[in-house]
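Examining the three-dimensional arrangement
The residues making up each chain are set out below.
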Amino acid sequence: MKRTVLSIAVTSLFFAYSCKNSQAPKQETIQNKNVKSTITDEQLMDRVQKDALKYFWDYAEPKSMLGRERYHEDNIYPDNDKHVVTTGGSGFGLATLLVGVERGFIPRKEAVKRLTHMMDFLAKADRHKGAWSHWINGETGKTVPFGKKDNGGDLVETAFLTSGILMVREYFKNGNAEEKALASKCDELWKGIQWNWYTKGGEKVLYWHWSPEYQWEMNFPLEGYNECLITYILAASSPTHPIDAETYYKGWTRNGTYLTDKTKYGLPLYVKHNYAEEYGGPLFWSQYSYIGLDPTGLSDKLVKNYFDLNKNQVLIDYKYCVENPKQWKGYGPNYWGLTAGYTRNEDGSTGYTAHMPINDNGVITPTAALSSFPYTPKESMNVLRFLYTQKPEFIGSAGPYDATSVNYNNWFTPRYLAIDQGTIAPMIENYRTGFLWKLFMNAPEIQQGLKKLSFQSDKYGIK
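Residues numbered from 1 in each chain as written. Predicted model: local features only at pLDDT ≥ 70, side-chain atom pairs only at ≥ 80, totals over all residues. Heavy atoms only, no water.

In this section: the overall build of the chain. When its secondary structure is counted, the chain shows 14 helices and 15 strands. With respect to the three principal axes, the spread of C-alpha positions in the chain is 55 × 50 × 45 Å. Counting only residues that meet the buried cut, the chain has 64% of its 463 residues in that class. Looking at the chain alone, contacts between residues at least 24 apart form 69% of all its contacts between residues at least 6 apart. (Helix = DSSP H or I, 4+ residues; strand = E, 2+ residues; numbered from the N terminus. Buried < 20%, exposed > 50% of the residue type's maximum accessible area, 1.4 Å probe, protein only. Contact = heavy atoms within 4.5 Å.)

Below is the structure:
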């Protein structure tokens, strides 16, 4: 299976693969029974955060201890990739582990030991001008090609990973000797990434991929708007290999042309979502860059409030699901949320696609709503409560399964993806306490990088 890259080509939006043997487990194998309806909101958030944490704590790839690309309860891996780890998903996993430590779900000392092992693995793993590949063999540290020519550095996945690395550094940098040593390892990894290399010789735009074998043949410039904003923030913030502000405004904002005055359901979209300008893209666009980057009151020269941008995208998705123009059974205020993930193919097997209003096939991905808590706490809580109290078949050993459908006779796949499960605990925690946002936004380099790009945030004193 290949993860759909929505921001690259329209054709990839509808990519899916078949797993003929991926049938849902029988009812008697369901591990979690109904949660009592009297459970409080706080208890529910604790529960799902603990469950999602298991993906990265209990089910991590055993040698690297990083996040597997996928974890399948049915133990069926059609591509024999049980040992493959994902860099971006592992970055979300780092944030998830920090939430686990902060909330006392996992022991701090054990977490430091685990995180140190992970940083040592990353230091020895293949790197391409400092960037890691999308997939890494968890047993050897060698690059696993994501595609024939995608066998080198993946700057976007590296950015998601680096965001987590920086938060780990910030969390432990003033701790005991072991914690300070961990923070130092994180700092060294961060400083080794050659962000400016990925401008292809000084062009005023970042490029997604570089391969030692195929060089720049992938040829995918990072242009907004999609999930890649954090890549520019980190590249501008680098103390060793930075880009300039011109690269951000000429490249990411397409010379300022990515703004839009379009609205949907009376809500402004503010920016043109790549290939999804009417409703906005899949909801991971409002989540991946914002695990650490706090959108609250955040602005730059063109976008006046990133929180409003993200909130409106989520609300448009919510309103679309409530409107339910395709009349899917189950859609409504308690069951909504479209994003990239596993899906149900027409023959009932498991595939993968980028769910969103323009690509809606009756499958709801729980992470879409659960990772939107900062923007839509009431609407997201409705989904969380519905899943845990009324749909026990949709809950597995690491929380809600990746893909569900009430419409298709309560279909689900007993499988998880790191990039989906990894955003749940962090974004819920940002809603609850702002914990990860504070770590990332107060990092000295991030403060300077945001100022360089003319970002402003009264919350963090960035002007």
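Picking up after the structure, the text goes on.
Considering all chains together, one arrives at 25 salt bridges under this definition. Salt-bridge contacts for K173 lead to E170; the nearest nitrogen and oxygen are separated by 2.8 Å. Of the residues examined, K173 reaches a relative accessible area of 32% and is grouped as partly exposed. Ionic pairing is found between E223 and R254, a salt bridge with its closest N-O pair at 3.3 Å. Placement of E223 in the loop between β6 (209–210) and α6 (229–237) and of R254 in the loop between α7 (245–252) and β7 (263–264) is noted, with a sequence separation of 31 residues between them. Owing to a relative accessible area of 30%, R254 belongs among the partly exposed residues under this scheme. Salt bridges here are not isolated pairs; linked through shared partners, they connect R169, E170, K173, D187, K191 and E445. (Salt bridge = Lys/Arg side-chain N within 4 Å of Asp/Glu carboxyl O.)

A word on helix α3 (residues 108–124). Here α3 is 17 residues long and its end C-alpha atoms lie 25 Å apart, about the 24 Å a rise of 1.5 Å per residue gives. Those residues of α3 that fall on the buried side of the exposure criterion are A111, V112, R114, L115, T116, M118, M119, F121 and L122. On its buried face, α3 sits against α1 (41–57), α2 (87–102), β3 (135–137), α4 (155–172) and α5 (177–191). (Expected span 1.5 Å × (residues − 1).)

So, about the packing of aromatic side chains. With the rule as written, the count across this model stands at 36 aromatic pairs. Geometrically, the ring pair formed by F373 and Y431 is tilted, given 5.4 Å between the ring centres and 40 degrees between the ring planes. Placement of the pair is F373 in the loop between α9 (366–370) and α10 (377–390) and Y431 in helix α12 (residues 424–432), with a sequence separation of 58 residues. Of the residues examined, F373 reaches a relative accessible area of 1% and is grouped as buried. Through successive ring pairs, a cluster of aromatic residues spans Y59, Y71, Y331, Y335, F386, F394, Y401, F412 and Y416. In this structure, R127 is placed above the aromatic ring of W132, and the distance from its NZ or CZ to the ring centre is 4.1 Å. Here K264 stacks its cationic end above the ring of Y265, 5.9 Å away from the centre of that ring. (Phe/Tyr/Trp six-rings, centres within 6.5 Å; stacked < 30°, edge-to-face > 60°. Lys NZ or Arg CZ within 6 Å of the ring centre and 35° of its normal.)

All right, on to the pairing of strand β9 (residues 340–344) then. When you tally the buried positions in β9, you get five out of five residues, the bulk of the element. Between β9 and strand β10 (residues 350–354), which pair antiparallel one after the other, the connecting turn spans five residues, and G348 there sits at a positive phi close to 90 degrees. (Pairing = 2+ DSSP bridges.)

Picture the strands of a sheet paired through backbone hydrogen bonds; they go either parallel or antiparallel. Across the sheet, which stays open at both edges, the three strands sit in the order β2-β3-β4 with antiparallel pairing between neighbours. Of all strands in the sheet, those bounded by a partner on one side alone are β2 (84–86) and β4 (143–144). Of the strand pairs in this sheet, β3 and β4 are connected by two bridges, and their pairing is antiparallel. Bridge pairing in β4 places W135 opposite V144. Strands in contact with α2 are β2 and β3; relative to β2, the strand with the most contacts, it is inclined by about 65 degrees. (Axes fitted to C-alpha atoms, helices over the stretch in contact; angles between N-to-C directions.)

Turning next to the side chain of N359. Residue placement: N359 occurs in the loop between β10 and α9. Here the side chain of N359 touches T353 through a polar contact of 2.9 Å, side chain to side chain. A polar side-chain atom of N359 sits 2.9 Å from the main-chain carbonyl oxygen of A354. (Polar contact = N/O pair within 3.5 Å; in protein donor to acceptor, adjacent residues only side chain to side chain.)

Turning to the nonpolar core, a few remarks are in order. Ranked by internal contacts, the top residues of the largest apolar core, which has 148 residues, are L293 and Y306. Take this core: its biggest share by element is eleven residues, from α4. (Core = buried A, V, L, I, M, F, W, Y, C linked by side-chain atoms within 4.5 Å.)

This next bit is on unusual backbone geometry. Put simply, G224 and Y225 share a cis peptide bond, and its omega is 15 degrees. Relative to the elements of secondary structure, Y225 occurs in the loop between β6 and α6. Despite not being glycine, K200 shows a phi value in the positive range, around 55 degrees. Mapped onto the secondary structure, K200 falls in the loop between α5 and β6. Here Q327, not a glycine, exhibits a phi torsion of approximately 60 degrees, which is positive. Positionally, Q327 belongs in the loop between α8 (306–323) and β9. Look at Q327 and you get exposed, because its relative accessible area is 62%.

A word on the pairing of β10. With five of five residues buried, β10 lies mostly within the body of the structure. Here β10 shows a buried face lined by T350, Y352 and A354 and a second buried face lined by G351 and T353. Relative to β10, β9 runs antiparallel, the two sharing five bridges. Paired with Y342 across the strands is Y352, a residue of β10.

Turning to the environment of E379, a few remarks are in order. Along the chain, the position of E379 falls in helix α10. Residue E379 is classed as buried on the basis of its relative accessible area, which comes to 18%. Once you skip the residues sitting within four places of it in the chain, E379 turns out to touch L315, Y318, P333 and W336.

Of the positions making up helix α14 (residues 444–452), those classed as buried are E445, I446, Q447, G449 and L450. Buried residues belonging to α14 abut α4, α5, α6 and α13 (435–441). Count one or two residues on from α14 and you reach S454, which has phi positive near 65 degrees.

Read these as geometric descriptors, not functional statements.
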